[in-house]
Amino acid sequence: MHEVSIALSMLDIAAEKCRESGYNKIDSIRLKIGRASGVMTDALIFAFDVVKTDTIASGASVIIDEIPVSGSCKDCGRDFVAEDTYVLCCPRCGGMAFMINTGRELEILDMEVS
Amino acid sequence: MAKVKVVTRILEANERIAAENRKVFDEAGVYVINLMSAPGAGKTSLLEKTIEGLSKRLNIAVIEGDIAGTQDAERIGNLGIPVIQINTGGACHLDANMINEVLEELPLKEVDLLFIENVGNLVCPAEFNIGEDIKVMLLSITEGDDKPLKYPLMFQESSALILNKMDILPYTNVDINKIRNDASSLNPVIKIFEISCKTGGGMSEWTDWLVKAKVSNQRSAGSEKLNTDS
Ligand SMILES: Nc1nc2c(ncn2[C@@H]2O[C@H](COP(=O)(O)OP(=O)(O)O)[C@@H](O)[C@H]2O)c(=O)[nH]1
Ligand SMILES: [Mg+2]
Ligand SMILES: [Zn+2]
Ligand SMILES: [Zn+2]
């Protein structure tokens, strides 16, 4: 729902990093987005296309690495990757003593600049 | 073309400002509750009742977050409580910076409890920390018993879940046990209250819990101070 504010933060971080590195044009930005981050990737790309207008990222494309929700279970001692965006019990043994390891990411990994 | 490593969390700026806010609150000894729900679940009504129950014992202040309008701040202001209205102008949640900008307008040194009524929305308020001690979620029972599984994050992030409008339970087919079970599976330590802001039912369990939460927070802050002194 707030993809515009996320797109704006993303633009701020990327633009600063680009200038810091001595470049003045961003060609692409690669993001890591967890499935349980609450961000809709289509909406984020759309929002970014709007906010990047007339900035050093105006020609930038967005590449998204989607990260599934995964965890480790203390009951059966195994790791799991979940199909859903939320996990109620360990999909392997049904146990409740698990920890979520990935799925909430919302990060800029790297970018191509020139 | 060159590749530049970034590896930065996109919400990092918000987290940083939230931590700043938290420091200001801790130093002033204010316990902060981020109150979240869908529009109309009864956040402002809960605040009115809670203020009624606690304002003799504790100094309370309120920040009202709404997309537009000042009605909620007027309702709270009528109770003689310091209140600040933030209009987000379209944004679907409060963020740490919006809170940071109004901090100076509150008499924080004299405040024990600060309630921040977030924008009515079950999705994103849970993702933006604003410097609160705890998140509390309100769900009116007419919203349906499927909500924990549809909006898991808010249930996972909240310390307490308040089920409101229990007075109209007889006129609904909502399954309170299902809400309780699903919410507890998502968050085994969530504390669940059943209340009615209309009749006042269940209100004292909630306010007693809140006072205890504040006091135990004070104690742990006190012991932290002792540790760093020694
Ligand atoms: N029947 C009933 N109505 C309630 C209760 N709590 C709030 N309401 C009503 O629900 C509507 C929305 O309440 P409000 O506090 O403004 O909700 P908010 O948008 O979450 O701040 C108002 O008309 C309230 O009078 C309750 O416990 N029972
Ligand atoms: Mg309200
Ligand atoms: Zn939002
Ligand atoms: Zn298991």
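The rules behind each value
- Residues numbered from 1 in each chain as written.
- Chains lettered and ligands numbered in written order.
- Predicted model: local features only at pLDDT ≥ 70, side-chain atom pairs only at ≥ 80, totals over all residues.
- Heavy atoms only, no water.
- Buried < 20%, exposed > 50% of the residue type's maximum accessible area, 1.4 Å probe, protein only.
- Helix = DSSP H or I, 4+ residues; strand = E, 2+ residues; numbered from the N terminus.
- Arc of directions from axis to C-beta.
- Contact = heavy atoms within 4.5 Å.
- Core = buried A, V, L, I, M, F, W, Y, C linked by side-chain atoms within 4.5 Å.
- Donors = N, O, S within 2.8 Å, 3.2 Å for Na, K, Ca; no water.
- Tetrahedral: all angles 85-135°; square planar, octahedral: opposite > 155°, others 65-115°.
- pLDDT = per-residue confidence, 0-100.

(A) Local environment of helix α2 (residues 41–51) of chain A. Residue and element names in this part refer to chain A. Along α2, the residues classified as buried are T41, L44, A47, F48 and V51. The arc enclosing the buried residues of α2, seen along the axis, measures out at 120°, which places them on a common side. α2 presents D42, F46 and V50 as exposed residues on the side facing more than 90 degrees away from its buried surface. Contact partners of the buried residues in α2: α1 (3–20), β1 (26–34) and β2 (61–67).

(B) Representation of the nonpolar core. Counting residues in each nonpolar core, the largest one holds 33 residues, and the members touching the most others are M10, I26, I29, L31, F48, I108 and M111 of chain A. When residues of this core are traced back to their parent elements, those giving at least two are α1, β1, α2 and β6 (106–113) of chain A together with β1 (2–9) of chain B. Sorting elements by how many residues they give to this core places α1 of chain A first, with eight residues. In this structure, I29 of chain A is in contact with M10, A14, F48, S61, V62, I63, I108, D110 and M111 of chain A, ignoring residues within four places of it in sequence. The next biggest cluster of nonpolar side chains, apart from the first, holds 28 residues, and it includes Y31, L113, V136 and L210 of chain B.

(C) Just the coordination of the magnesium ion (ligand 2), in detail. Residues and elements named next belong to chain B. Taken together, the protein ligands of the magnesium ion (ligand 2) are T44 (OG1), D72 (OD) and E117 (OE), with distances of 2.1 Å. Read N to C, the donor residues that coordinate the magnesium ion (ligand 2) are spaced as T-x27-D-x44-E. Of this pair, T44 sits in helix α2 (residues 43–54) while E117 sits in strand β5 (residues 113–117), and the two are 73 residues apart along the sequence. Like E117, T44 is buried.

(D) View of the coordination of the zinc ion (ligand 4). Residue and element names in this part refer to chain A. The protein atoms that coordinate the zinc ion (ligand 4) are C73 (SG), C76 (SG), C90 (SG) and C93 (SG), at distances of 2.3 to 2.4 Å. In this structure, the zinc ion (ligand 4) is surrounded by four donor atoms whose angles at the metal cover 105 to 115°, and the resulting shape is tetrahedral. Mapping the donors of the zinc ion (ligand 4) onto the primary sequence gives the spacing C-x2-C-x13-C-x2-C. Judged by relative accessible area, which is 2%, C90 ranks as buried. According to the relative accessible area criterion, C93 is partly exposed, its value standing at 39%.

(E) Geometry of the confidence of the model for chain B. Residue and element names in this part refer to chain B. With 96% of its residues at a pLDDT of 70 or more, chain B has an overall mean of 93. Here residues 225–230 is a poorly scored stretch, pLDDT under 50, and it has zero contacts once near neighbours within four places are set aside; other chains count. Overall fold confidence for the complex sits at a pTM of 0.88, while the interface term, ipTM, reaches 0.85.

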